[in-house]
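# Coordinate inspection notes
Here are the chains, one letter per residue:
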Amino acid sequence: TSLCFRTVEPLEYYRRFLKENCRPDGRELGEFRTTTYYFSSGSITTADGSALVKLGNTTVICGVKAELAAPAADSANKGYIVPNVELPSLCSERFRSGPPGEEAQAASQFIADVIENSQMIVKEDLCIANGKLAWVLYCDIICLDYDGNLLDASVFALLAALKNVQLPLVTVNEETGLSEVNLKQKTPLIIRKDPVATSFAVFDDTLLIVDPTAEEEELATGTVTIVTDEEGRLCSVHKPGGSPLTGAKLQDCITRAITRHKEVKKLIDKVIKSITPK
């Protein structure tokens, strides 16, 4: 009968749990799903850096491909970062094959804003020879299984994949003007900030729950995503419509996001340490 009730009256079903300060999957309101990730450099051999992140059932893989290009005329000393989020039909029945839908486009824009606002990668660092040569980083984020909270998983996968990137030494020969690539000499990408996203769903305009599942997102009256860096600095607040939040509620979200940042950072550092040659 509970399954029947959940199907017919999903919101009422949820409210009964929320009254008891818990959720149907057994989590407390402020509890994140189990988060795991690993560098999947072996699985995408064409990528210069990659990572796979799981947030409960939500599974996202990010591959970073570095290519050489001429800088734009108006920014001769800058490279490029091109993020792209894909939601293929295989990850959930809510998505169709074909050109990117609204949700994928919004997620790609959100990732572009996070890169820009956090200054995790400074475009000047991607310049090899002023006005002549720069790196382009294509960051493809593909959702393999969608069960809510795409943004947290995407930012995590992006950061982890970028930390996994090694760029070969490239020099421009003064005489010939040609670029020479030395694959034997590789250096890690310069990452200046470590942004982490923390998403909340708002229930009945007042109740905040963290790391919502797809079902919780459907029932929520609004969502908000807070992005912070390792210094506890607020990089961005992403609130696509829905119920308004009081200043106090927003402050509560920011405080919780700073705590979440520490957990994610610990997880990343642990994996990096485990694969770094002694």
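Everything numeric in this text was worked out from a predicted model, so none of it was measured. (Residues numbered from 1 in each chain as written. Predicted model: local features only at pLDDT ≥ 70, side-chain atom pairs only at ≥ 80, totals over all residues. Heavy atoms only, no water.)

## Quick look at the nonpolar core
Y37, L137, L158 and L162 are the most contacted members of the largest nonpolar core, which totals 56 residues. In terms of residues, this core owes the most to one element, helix α4 (residues 150–163), which gives eleven residues. When neighbours within four sequence positions are excluded, L158 is seen to be in contact with C62, I111, I115, M120, C139 and I141. Counting residues in each nonpolar core, the second largest holds ten residues, with F32, V202, L208 and V224 among its members. (Core = buried A, V, L, I, M, F, W, Y, C linked by side-chain atoms within 4.5 Å. Buried < 20%, exposed > 50% of the residue type's maximum accessible area, 1.4 Å probe, protein only. Helix = DSSP H or I, 4+ residues; strand = E, 2+ residues; numbered from the N terminus. Contact = heavy atoms within 4.5 Å.)

## Brief notes about the layout of surface pockets
The volume enclosed by the largest pocket comes to roughly 450 Å³. Lining the largest pocket are 21 residues, and of these E103, Y146, E217, T223 and P240 sit closest to its centre. Only α3 (102–118), α4, β9 (196–203), α5 (214–219) and β11 (222–228) provide two or more residues apiece to the lining of the largest pocket. Counting residues per element, the lining of the largest pocket draws most heavily on α3, which supplies four residues. Across the lining of the largest pocket, the residue classes tally to nine nonpolar, seven polar and five charged. (1 Å grid on protein atoms, 1.4 Å probe; cavity = no way out; pocket = protein on both sides within 12 Å on 5 of 7 lines; lining within 4 Å. Points joined across faces, edges and corners; volume = space filled by probe spheres on them. Nonpolar A, V, L, I, M, F, W, Y, C, P; charged D, E, K, R; others polar.)

## A short note on empty space enclosed by the protein
Tallying each qualifying case throughout the model produces one cavity of 30 Å³ or more. What the largest cavity holds in volume is close to 60 Å³. Every residue lining the largest cavity is listed: V53, L55, D152, A153, F156, V196, A197, R260 and V264. Mapped by element, the contributors of at least two residues to the lining of the largest cavity are β2 (49–55), α4, β9 and α6 (247–275). At three residues, α4 tops the list of elements feeding residues into the lining of the largest cavity. Partitioned by chemical class, the residues of the lining of the largest cavity number seven nonpolar, no polar and two charged.

## Let's talk about the pattern of salt bridges
For the structure shown, the criterion picks out 19 salt bridges. Put simply, D147 and R33 hold a salt bridge, and the shortest N to O gap is 3.7 Å. With D147 in the loop between β6 (133–145) and α4 and R33 in the loop between α2 (10–19) and β1 (35–39), this residue pair connects regions lying 114 residues apart in the sequence. Judged by relative accessible area, which is 8%, R33 ranks as buried. The network of salt bridges with common partners includes R23, D25, R27, R33, D147, D211 and E216. (Salt bridge = Lys/Arg side-chain N within 4 Å of Asp/Glu carboxyl O.)

## Thoughts on α6
Across its 29 residues, α6 extends 42 Å between first and last C-alpha, which sits within 8% of the 42 Å expected from 1.5 Å per residue. Inspection of α6 places C253, I254, A257, R260, H261, V264, I268 and V271 among the buried residues, and these make up the whole buried set. (Expected span 1.5 Å × (residues − 1).)

## Remarks on the packing of aromatic side chains
Inspection of every chain in the model, using the stated rule, returns five aromatic pairs. Ring centres 5.1 Å apart and planes at 50° place the aromatic pair Y37 and F156 in the tilted group. One end of the pair, Y37, is in strand β1; the other, F156, is in helix α4, with 119 residues separating them in the sequence. Of the two residues, Y37 and F156, neither departs from the other in class, the shared state being buried. Three or more aromatic residues joined by ring pairs make a cluster, and in this case those are Y13, Y14, F17 and F203. (Phe/Tyr/Trp six-rings, centres within 6.5 Å; stacked < 30°, edge-to-face > 60°.)

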